[in-house]
Amino acid sequence: MQIDIITVLPELLESPFSHSILRRAKEKNLLSIHLHNLRDYTPYKHGQVDDYQFGGGAGMVMMPEPLANAIEQLSSAVRYDEIIYMSPDGERLNQQMANQLSLKNNLLIICGHYKGIDERIRQHFVTREISIGDYVLSGGELPAAVLVDAIGRLIPGVLNDETSALTDSFQDNLLAPPVYTRPADFRGWKTPEALLSGDPKIVAEWRYEQSLERTRERRPDLMP
Ligand code: SAH
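Criteria and thresholds
- Residues numbered from 1 in each chain as written.
- Predicted model: local features only at pLDDT ≥ 70, side-chain atom pairs only at ≥ 80, totals over all residues.
- Heavy atoms only, no water.
- Helix = DSSP H or I, 4+ residues; strand = E, 2+ residues; numbered from the N terminus.
- Rg over C-alpha atoms; globule rule 2.2 N^0.38 Å.
- Buried < 20%, exposed > 50% of the residue type's maximum accessible area, 1.4 Å probe, protein only.
- Contact = heavy atoms within 4.5 Å.
- Areas by Shrake-Rupley, 256 points an atom, 1.4 Å probe, with all protein chains shown as cover.
- Lys, Arg positive; Asp, Glu negative; His and termini not counted.
- Charge placed at Lys NZ, Arg CZ, Asp CG, Glu CD.
- Domains from an automatic or database assignment.
- Expected span 1.5 Å × (residues − 1).
- Polar contact = N/O pair within 3.5 Å; in protein donor to acceptor, adjacent residues only side chain to side chain.
- Salt bridge = Lys/Arg side-chain N within 4 Å of Asp/Glu carboxyl O.

Describing the overall build of the protein chain
Counting its regular elements, the protein chain contains eight helices and nine strands. Here the C-alpha radius of gyration of the protein chain, 22 Å, is well above what a compact globule of 224 residues would show, namely 17 Å. Across its three principal directions, the C-alpha atoms of the protein chain cover 70 × 40 × 35 Å. Across the 224 residues of the protein chain, 42% fall into the buried class. Long-range pairs, those at least 24 residues apart, make up 74% of the contacts in the protein chain between residues at least 6 apart in sequence. For the protein chain, the computed accessible surface area is about 13300 Å², with 50% contributed by carbon and sulfur atoms. Computed over 23 positive and 31 negative side-chain charges, the separation of the two mean positions in the protein chain equals 4 Å.

Structural data, given as structure tokens:
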């Protein structure tokens, strides 16, 4: 999969993709991520990419021309399955969306700033708008990093057995069961017997029960 990201702060996105599972995905050539500095695409002086909003009011708006230039230039080389704008008023990201997006070949992600991007770019270029939650951040870079992480770890072949996504929360509409590691007895706080039983059937049953209980308790809205 190839993911291109248009941003005014490429430095902010270098680190999140250089470690752990996303780094491994890149090393295995299952994922390539390219950061594009919006200022390289502006026809305006001094790398200007934003301006006052029509109608007045506080806050700058990202101008349409640099964004259109960037989107058109990148799209001439790559056929994007989705052109995504990170936005608090978009569809709320969930595991099912991440699963679907992980099967795509090419994604273009636009990070906004200030008051957001000119509406005409959203109308004429953007195919999907995604929010990472009901709160407002100052830029689209952290949301883009969240989206790419959620998608990247699901790309077939990225995770190995020890890190399998299948047993994570939300994959089967249930929260994940509690997990324990050595020592079995820590300060007198014991690991549940079922997990130490060595019997896969007993372990599986305990985990399923715990998943159900946790979901019922914390997220009854997920229960079938
Ligand atoms: N005025 C806008 C918010 C702009 S925040 C509004 O009220 O809807 C600046 C940028 O940060 C946005 O353009 C978007 O790219 C990003 N952003 C902020 N919060 C976000 C969220 N919850 N999900 C996704 N992107 C977000």
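A few points about the domain arrangement of the protein chain
The domain architecture assigned to the protein chain consists of domain 1 (2–152) and domain 2 (167–222). Here domain 1 and domain 2 have C-alpha centroids that lie 37 Å from each other.

A short note on the environment of A176
One can find A176 in the loop between helix 6 (141–152) and strand 8 (185–186). Residues A176 and M86, 90 residues apart in the sequence, show an inter-C-alpha distance of 28 Å. Sequence-distant contacts of A176, that is, excluding residues within four places in its chain, are made with T167, D168, S169, S211 and R214.

Some words on helix 8 (residues 200–218)
Between its first and last C-alpha atoms helix 8 spans 26 Å; for 19 residues at 1.5 Å apiece the expected length is 27 Å, and the two agree. Here helix 8 starts with a cap whose side-chain oxygen sits 2.9 Å from the backbone nitrogen of K201, and that cap is D199.

Looking at the environment of Q48
Note on placement: Q48 falls in the loop between strand 2 (32–37) and strand 3 (50–52). For Q48, a relative accessible area of 29% puts it in the partly exposed group. Here Q48 is in contact with T42, M63 and P66, once residues within four sequence places are set aside. For Q48, the side chain forms a polar contact with the main-chain oxygen of D50, separated by 2.8 Å.

A short note on the pattern of salt bridges
All chains considered together, the criterion is met by 13 salt bridges. Here R79 makes a salt bridge to D81, at a shortest N to O gap of 3.2 Å. A relative accessible area of 61% means that R79 is categorised as exposed. Residue classification places D81 among the partly exposed positions, given a relative accessible area of 25%.

Quick word on unusual backbone geometry
For the bond running from R182 to P183, omega is -5 degrees, close enough to zero to count as cis. Relative to the helices and strands, P183 is located in the loop between helix 6 and strand 8. Unusually for a residue other than glycine, N29 sits at a positive phi of about 60 degrees. Mapped onto the elements of the fold, N29 is located in the loop between helix 2 (20–27) and strand 2. Phi at F170 takes a positive value of approximately 75 degrees, unusual for a residue other than glycine.

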